[in-house]
Amino acid sequence: MATYTEDTYMWLCSQFPDFNTIDLDADQTLIAGKPQAGKSEFTFGVALMMSLKGMTPLMILRNFSKDAVQMASKLDRFSQRHKEFMIRRGWPKDEVEAKSISSVSAVDDLKNLSVGIQSRKLVFVLYNGYQLNLLNILCERISYCLLVDEADAVGYGDIKEEDARPRYHASWEYHCLMEGCRKIFEISATVFDILWGNT
């Protein structure tokens, strides 16, 4: 009999024909696709697998709060489809609810952020120095992975010298968060910018 994680993986492969090409054990992975090609939902699948493997998935978004709202809405629809499938497969509803992926936002849910991180929810974080600094503090002793949306626009800012750095310097805080993560998944429609940034 298949495990919960195996059934989840089977469902993800049925939803996304290329899902089996992702090496979930790699330290760094690029998820590329055309605009509006379904990269967000694909990435939710990666986040779900990482959560089931015991890691807290942190999704770094552009510094626009509406991005977090839109992503949370997309995640709710994705999670509902996954839960319906798992219940049809015969998994107990309480177990499905407990293991399903849900989100917490560093944008507007600071009260529940620490609990969400500990329970391996998908954490939406805007690319700004304050939120990234907060995540660096809260994730200091946990196993987490980064999922970087629009990585070409987010992940490759210049890091200022320490004496010229503002208190919450986004590029520096992002760099520190990358240093502490177990895995990083960069999501982008413009692959060359990512390849150039990683050289």
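Residues numbered from 1 in each chain as written. Predicted model: local features only at pLDDT ≥ 70, side-chain atom pairs only at ≥ 80, totals over all residues. Heavy atoms only, no water.

**Here's the deal with the pairing of strand β1 (residues 28-32)**
Here's step 1: Judged by which residues are buried, β1 turns out to be one-sided: Thr29 and Ile31 face inward and are buried, whereas Gln28, Leu30 and Ala32, on the alternate face, are not.
Here's step 2: Sheet topology note: the β1/strand β6 (residues 183-188) ladder contains five bridges and is parallel. Bridge assignment links Leu30 to a residue of β6, and that residue is Glu186. (Buried < 20%, exposed > 50% of the residue type's maximum accessible area, 1.4 Å probe, protein only. Helix = DSSP H or I, 4+ residues; strand = E, 2+ residues; numbered from the N terminus. Pairing = 2+ DSSP bridges.)

**Observations concerning the pairing of strand β4 (residues 122-126)**
Here's step 1: Along β4, five of the five residues are buried, which leaves the element largely enclosed by surrounding structure.
Here's step 2: Strand direction decides the pairing type here: strand β2 (residues 56-61) and β4, joined by four bridges, are parallel. Note that in β4 the partner of Leu61 across the bridge is Leu126.
Here's step 3: Here three bridges tie strand β3 (residues 103-105) to β4, and the two strands are oriented parallel to one another. In the strand pairing of β4, Val104 is matched with Val123.

**Concerning helix α6 (residues 129-138)**
Here's step 1: Within α6, seven of the ten residues are buried, which leaves it mostly tucked inside the rest of the structure.
Here's step 2: For α6, every residue scored as buried is listed here: Gly129, Gln131, Leu132, Asn133, Leu134, Leu135 and Asn136.

**Topic: the confidence of the model for the chain**
Here's step 1: Looking at the chain, pLDDT values average 86 and 86% of them are 70 or higher.
Here's step 2: Across the chain, helix α1 (residues 4-15) holds the top mean pLDDT of 97, while helix α9 (residues 191-197) sits lowest at 53. (pLDDT = per-residue confidence, 0-100.)

**A word on the packing of helix α2 (residues 39-52) against helix α3 (residues 65-88)**
Here's step 1: At a closest axis distance of 10 Å, the pairing of α2 and α3 adopts a crossing angle of 65°. Handedness of the crossing formed by α2 with α3: right-handed. Where α2 abuts α3, its residues Ser40, Glu41, Phe44, Gly45 and Leu48 lie against Met71, Lys74, Leu75, Phe78, Arg81 and His82.
Here's step 2: For the contact of α2 with α3, the residue count by class is five nonpolar, three polar and three charged. (Axes fitted to C-alpha atoms, helices over the stretch in contact; angles between N-to-C directions. Left-handed = near helix turned anticlockwise from the far one by under 90°. Contact = heavy atoms within 4.5 Å. Nonpolar A, V, L, I, M, F, W, Y, C, P; charged D, E, K, R; others polar.)

**A few points about the sheet that holds strand β5 (residues 144-148)**
Here's step 1: What the six strands build is an open sheet, ordered β1-β6-β5-β2-β4-β3; its pairing is parallel. At either end of the open sheet lies a strand with only one pairing partner, and these are β1 and β3. Pairs of neighbouring strands in the sheet enclose a mean axial angle of 20°, with direction left out of account.
Here's step 2: Sheet strands in contact with α3 are β2, β3 and β4, and its direction is about 160° off that of β4.
Here's step 3: Strand contacts of helix α8 (residues 170-180): β2, β5 and β6, with the helix running at about 130° to β5, the strand carrying the most contacts.

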